[in-house]
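Fold and geometry: a report
For reference, the chains in residue letters:
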Amino acid sequence: MTWVLLILGAAIGGFVNGLAGFGTAMFALSFWLQVLPPAQAVAVVVMVSTVTGLQGIWLVRHAILDHPRRLARFLLPALVGIPLGVMALSWLEPRGLRLTIAVVMLAYGGFFSLRRTLPALDRPTPLIDALVGFVGGVMGGAASLSGVVPTMWCAMRPWPKAETRAVLQPFNVTVLALTAATFALRGAYTPDTFVLIAVALPVSILSAQAGITAFRHLPDPLFRRLIIGLMLVSGGALLLREAF
């Protein structure tokens, strides 16, 4: 049963990552936490998410190069926020924080999923972009949920899907890579954990390719609807996981 759920989580998480540019952890952990200790499941998903996400970065490399300052506005403040989030763990209660975030995701996803039209915030907002990146970094350090706020914000911008992904994918991969490095320094990657990664990673990479194929055929407005819908689903899954 362990191997079945490991492969199933890798397949679904990888597909969502390829399709939307994020979401491996949210979907894979729903399966992996049933059969793996939490610390080991998170260590595996961080490594798998990082490597799988590199495909998505290559997919939108031109959009990244066309708007390097936009990505920097999100990413550089996040690098400052990550250690602050880790320090905040000494006085924050992570489970309560994750439950709060889950409720916000449900409310956001539900509200915008029911709207016929999506907001079109097309004016430059460099200060808000930086604040969103910083908050994402803090949430990544405190609750391993770095991509929630950037995803919500980017879904409200009328950017083409490649430009949206050119922010979200490298943002998430960078934060996850730093998290994986931190885990490695703490000795989280034991031989048993590497065996799990060796099984899950090829499945996730192949599934991400299927997701990328689907992404190529999505119209821009539908992609925005997709990531809002994933916020709704992810928020529900996180709420159930943390509440029960």
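A short tour of the structure in this document, coming up. (Residues numbered from 1 in each chain as written. Predicted model: local features only at pLDDT ≥ 70, side-chain atom pairs only at ≥ 80, totals over all residues. Heavy atoms only, no water.)

For the rest of this paragraph, the subject is empty space enclosed by the protein. Over the atoms a probe the size of a water molecule is rolled, and this reveals where empty space is left. Under the counting rule described, the total for this entry stands at 1 cavity of 30 Å³ or more. Looking at the largest cavity, its volume works out to about 30 Å³. Lining the largest cavity, in full, are Ala-63, Ile-64, His-67, Arg-70, Glu-163, Ala-166 and Val-167. Elements supplying a minimum of two residues to the lining of the largest cavity: helix 4 (61-66) and helix 9 (161-185). Looking at the lining of the largest cavity residue by residue, the classes come out as 4 nonpolar, 1 polar and 2 charged. (1 Å grid on protein atoms, 1.4 Å probe; cavity = no way out; pocket = protein on both sides within 12 Å on 5 of 7 lines; lining within 4 Å. Points joined across faces, edges and corners; volume = space filled by probe spheres on them. Helix = DSSP H or I, 4+ residues; strand = E, 2+ residues; numbered from the N terminus. Nonpolar A, V, L, I, M, F, W, Y, C, P; charged D, E, K, R; others polar.)

So, about the packing of aromatic side chains. Taken as a whole and judged by the stated rule, the model has 4 aromatic pairs. Between Tyr-189 and Phe-194 the ring centres are 5.8 Å apart and the planes differ by 35 degrees, which places this aromatic pair in the tilted class. The buried category is assigned to Tyr-189, whose relative accessible area is 12%. By way of ring pairs, the aromatic residues Tyr-108, Phe-111 and Phe-112 are connected into one cluster. One residue, Arg-61, lies across the ring of Trp-58, its end atom 3.9 Å from the ring centre. Looking at Arg-165, its charged tip hangs above the ring of Phe-215, at a distance of 4.6 Å from the centre. (Phe/Tyr/Trp six-rings, centres within 6.5 Å; stacked < 30°, edge-to-face > 60°. Buried < 20%, exposed > 50% of the residue type's maximum accessible area, 1.4 Å probe, protein only. Lys NZ or Arg CZ within 6 Å of the ring centre and 35° of its normal.)

Formed by 46 residues in total, the largest nonpolar core has its most connected members in Phe-22, Phe-74, Met-105, Tyr-108, Leu-145, Val-148 and Met-231. With 6 residues, the top contributor of residues to this core is helix 11 (residues 220-243). When residues no more than four places from it in sequence are discounted, the contact partners of Tyr-108 are Thr-151, Met-152, Ala-155, Met-156, Ile-228 and Met-231. Listed in part, the 21 residues of the second largest apolar core include Leu-29, Val-44, Val-45 and Leu-196. (Core = buried A, V, L, I, M, F, W, Y, C linked by side-chain atoms within 4.5 Å. Contact = heavy atoms within 4.5 Å.)

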